[in-house]
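Report on the structure
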Amino acid sequence: MKNTKVFIVGAGPAGAAASLQLAKMGIACVIADKAVFPRDKVCGDGLSGKVIAALNRIDPEITARLHASPFTLNSWGVTFASPGRHSLDVGCYPGYDSTGDGIREKPMGYVCTRLEFDNFLIEEIKRCPQIELLQGVCIDTYERVEDGYIVTDDTGIKTKADILIIANGAHSSFTREIAGITMEPKHYMAGVRAYYQNVQGNHPDNFIELHFLKHLLPGYFWVFPLPSGRANVGVGMLSEAIRSKKIHLKKTLLDIVKNDPVFKERFKEAELIGGIEGYGLPLGSKRRKISGDRYMLAGDAAYLIDPFTGEGIGNGIYSGRIAALTAASALKENNFSAKRMAAYDAEVYRILGPELKLSYRIQQLVRFPWLFDKLIKIGSRNKQLRELLSGMFYEVNLRKKLTKPSFYVRMLLNR
Ligand SMILES: Cc1cc2nc3c(=O)[nH]c(=O)nc-3n(C[C@H](O)[C@H](O)[C@H](O)COP(=O)(O)OP(=O)(O)OC[C@H]3O[C@@H](n4cnc5c(N)ncnc54)[C@H](O)[C@@H]3O)c2cc1C
């Protein structure tokens, strides 16, 4: 039986971030993934500013290498379209000017396939001699022993670890069976994603587009441009609404592309590449206990996806990094008790909690199509509101304003 201080299950963004942060601190670890990279992951492929900020905290050189990579497409903003089809372009920072006169210092983020992004992180892992990377290794049992956990893979190989970081995504059996967190339809989303070639009418600055079509609320249809004329196109919706409205997401996506008055024109020349794939999004709209005796959950395994935007890569990286920092101090103190590990929960929710809470409130607000329409309509004529929305990507305090009734009253009076 092998021994390690830290064993990480899953080498997606959350697990990779944990291993890279541990390596940065000189702590050896083992990281195992059931897939062999490069591998696909169903996702919108949108890497927001949060992903960049989180990677920067681990090592700015990683961000610099990502920025220089040929597979990312710079995205300079977001287009929000309301249920009444009013759309609002929000540049990535205050002062952004869609005429091209604004200063373009740093993109809001990137769009790049998860096949390439996750493989980029694997290449970063390979640069670190402290990390033992196991690919094609599925961990299927966990046994708590007196002084650690023994994990067993599907070939029967056992490894003993002082501490586990569980980062094996939305369908984690550890999350369900050991941490006791179960799926609740009102705190869970489902999404489907397709790749298309030749979608017309994309924004010249590669804005990502979120279309809050009336029958999808509280969810949306997205078009995210990718390099080489491709686009990631998808639909995401709250599982509760999917059940109550009996929605079939794949059919819904195809129906929008073929029959919607706006999209049927934009997709006239478009060609579907490959199939339409679906996956779950465990939302952080409720606080959970995400650590216990000798373990921490990170990323989707910890239910940390933003309930409004559906973003989870940035929160995955943040939580993976915090898990590594917490593991380092637990190892120093030789204390892995549930009480000690609870410091992880406190830190994750200190950093991500306020934003998750606000996004949940915004998710609830967008159920009122008339309010959403009004806001977008006013925003398209009101520079102040556009700037506010633009700042919203960086500043939680600005997002707070959006959840206060007084904000809407002022907007309606001042328009
Ligand atoms: C349709 C859709 C669209 C989305 N769009 C976006 C978006 O545009 N931007 C964004 O930021 N987020 C988006 N998300 C969310 C994002 O995909 C996730 O939040 C993110 O992948 C979480 O990273 P993770 O490392 O926690 O998990 P994952 O990326 O799921 O990685 C988990 C890893 O664990 C491995 N694994 C699983 N089980 C085992 C096991 N038993 N043993 C070993 N390895 C195992 C898997 O192979 C995988 O590599 C979207 C999600 C969906 C479903």
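Everything that follows concerns the structure shown earlier in this document.
Residues numbered from 1 in each chain as written. Predicted model: local features only at pLDDT ≥ 70, side-chain atom pairs only at ≥ 80, totals over all residues. Heavy atoms only, no water.

1. Comments concerning the overall build of the chain
Applicable threshold: What counts as a helix is a DSSP run of H or I of at least four residues, what counts as a strand is a run of E of at least two, and both are numbered from the N terminus. Exposure classes here rest on a 1.4 Å probe applied to the protein chains alone. A residue is buried below 20% of its type maximum, exposed above 50%, and partly exposed in between. What makes two residues a contact is simply this: any of their non-hydrogen atoms within 4.5 Å. Only the protein chains shown count as cover for residues, and all accessible areas are computed by the Shrake-Rupley method using a 1.4 Å probe.
A count of helical and extended segments in the chain gives 14 helices and 18 strands. Within the span of the chain, comprising 415 residues, buried residues form 58% of the whole. Of all intrachain contacts in the chain linking residues separated by at least 6 positions in sequence, the fraction that spans at least 24 positions is 72%. Approximately 17,800 Å² of the chain is accessible, and the part contributed by carbon and sulfur atoms is 52%.

2. What about the sheet that holds strand S5 (residues 77-81)?
What holds strands together in a sheet is hydrogen bonding between their backbones, with the strands either parallel or antiparallel. Condition: The criterion for strand pairing is that DSSP finds at least two bridges linking the strands in question. Helix axes use the C-alpha atoms of the stretch in contact, all axes being lines fitted to C-alpha atoms, and the angles between their N-to-C directions lie in the range 0 to 180 degrees.
Taken in spatial order, the 7 strands of this open sheet run S6-S5-S13-S14-S15-S12-S16, and their pairing is mixed. The outermost strands of the open sheet, each flanked by one partner alone, are strand S6 (87-91) and strand S16 (271-282). Direction aside, neighbouring strands of the sheet carry axes that sit 15° apart on average. Sheet topology note: the strand S13 (residues 208-211)/strand S14 (residues 219-225) ladder contains 3 bridges and is antiparallel. Bridge pairing links His-211 to Phe-221 in S14.

3. Re the pairing of strand S9 (residues 139-145)
Across 6 bridges, S9 lies against strand S10 (residues 148-153) in antiparallel orientation. From the neighbouring strand, Tyr-142 faces S10, where its bridge partner is Val-151. The antiparallel pairing of S9 with S10 creates a hairpin that spans 2 residues between the two strands.

4. Points about the pairing of strand S2 (residues 29-33)
The condition that has to hold: Call a crossover right-handed when, viewed with both strands pointing away from you, the route from the first strand across the helix to the second goes clockwise.
S2 sits mainly inside the fold: 5 of its 5 residues count as buried. Both faces of S2 are covered, namely the face carrying Cys-29, Ile-31 and Asp-33 and the face carrying Val-30 and Ala-32. Relative to S2, strand S1 (residues 2-9) runs parallel, the two sharing 4 bridges. Residue pairing in the sheet places Val-6 in a bridge with Cys-29 of S2. As for the winding sense of the linkage, the β-α-β connection from S1 through helix H1 (residues 13-24) to S2 is right-handed. Pairing geometry for S2 and strand S8 (residues 131-135), over 5 bridges, is parallel.

5. Digging into the side chain of Asp-345
Put simply, the rule is: For the purpose of counting charges, residues Lys and Arg are taken to be positive, whereas Asp and Glu are taken to be negative. His and the chain ends are not included. What makes a salt bridge here is a side-chain nitrogen of Lys or Arg within 4 Å of a carboxyl oxygen of Asp or Glu, nothing more. Polar contact is the term for a pair of N or O atoms within 3.5 Å; when the atoms are in protein, one must be able to donate a hydrogen and the other to accept it, and sequence-neighboring residues count only if both atoms are side-chain atoms.
Structurally, the position occupied by Asp-345 is in helix H10 (residues 338-365). Buried charge Asp-345 goes without a salt bridge, the closest partner of opposite sign being Lys-289 at 4.9 Å. One polar contact links the side chain of Asp-345 to the main-chain amide nitrogen of Ile-290, over a distance of 2.7 Å.

6. Some thoughts on the site of the ligand
This is how it is decided: One heavy atom suffices: a residue is near a molecule or strand as soon as one of its heavy atoms comes within 4 Å of it. In this classification, the charged set is Asp, Glu, Lys and Arg, the nonpolar set is Ala, Val, Leu, Ile, Met, Phe, Trp, Tyr, Cys and Pro, and all remaining amino acids, among them Gly, are polar. Boundary definitions for the domains trace back to an automatic or database domain assignment.
Every one of the 36 residues lining the ligand counts as a neighbour, but Asp-33, Arg-39, Gly-44, Gly-46 and Asp-300 are closest to it. Between an oxygen atom of the ligand and a side-chain N or O atom of Asp-300, the distance comes to 2.7 Å. Out of a free accessible area of 1,000 Å², the ligand has 93% covered by protein chains. Elements with a minimum of two residues in the shell around the ligand: H1, S2, S14 and S16. Ranked by residue count, the leading element in the shell around the ligand is S16, at 3 residues. Looking at side-chain class alone, the shell around the ligand contains 17 nonpolar, 11 polar and 8 charged residues. The residues that make up the shell around the ligand include at least three from each of domain 1 (2-66 + 114-182 + 284-362) and domain 2 (73-111 + 185-282).

7. Notes on empty space enclosed by the protein
Put simply, the test is: Only protein atoms enter the 1 Å grid, on which a cavity is a set of points fitting a 1.4 Å probe that cannot get out and a pocket is an open set with protein on both sides within 12 Å along at least 5 of 7 lines, lining residues being those with an atom within 4 Å of a point. Grid points are joined across faces, edges and corners, and a volume is the space filled by probe spheres set on the points.
Counting across every chain of the model gives 3 cavities of 30 Å³ or more. Roughly 60 Å³ of internal volume is contained in the second largest cavity. Forming the walls of the second largest cavity are Met-189, Phe-212, Pro-218, Gly-219, Tyr-220, Leu-238, Pro-307, Phe-308, Gln-363 and Val-366. Tallied by class, residues from the lining of the second largest cavity come to 8 nonpolar, 2 polar and no charged.

8. So, the packing of aromatic side chains
We count it as follows: In summary, the pairing rule links any two rings of Phe, Tyr or Trp, Trp by its six-membered ring, whose centres are within 6.5 Å, and it sorts them by plane angle into stacked for under 30 degrees, edge-to-face for over 60 and tilted for everything else.
Summed over all chains, the structure comprises 12 aromatic pairs. Residues Phe-221 and Phe-263 carry aromatic rings whose centres are separated by 4.7 Å and whose planes lie at 65° to one another, so their mutual orientation is edge-to-face. Remark: Phe-263 occurs in helix H8 (residues 263-266) and Phe-221 occurs in strand S14; sequence separation between them is 42 residues. Exposure remark for Phe-263: the relative accessible area of 0% places this residue in the buried category. By way of ring pairs, the aromatic residues Phe-212, Tyr-220, Trp-222, Phe-224 and Phe-308 are connected into one cluster.

9. A word on the nonpolar core
Selection criterion: Buried Ala, Val, Leu, Ile, Met, Phe, Trp, Tyr and Cys residues that are joined via side-chain atoms within 4.5 Å together make up what is termed a nonpolar core.
Of all hydrophobic cores here, the largest spans 80 residues; its most connected members are Val-6, Phe-7, Phe-117, Tyr-142, Leu-164, Leu-297 and Ile-317. Among the elements that make up this core, the one with the highest residue count is helix H9 (residues 313-333) (10 residues). Sequence-distant contacts of Ile-317, defined by excluding residues within four places in its chain, comprise Pro-13, Ala-14, Ala-17, Val-51, Ala-54, Leu-55, Ile-58 and Phe-117. By size, the runner-up hydrophobic cluster in this structure holds 27 residues, among which are Met-189, Leu-216, Ile-256 and Val-257.

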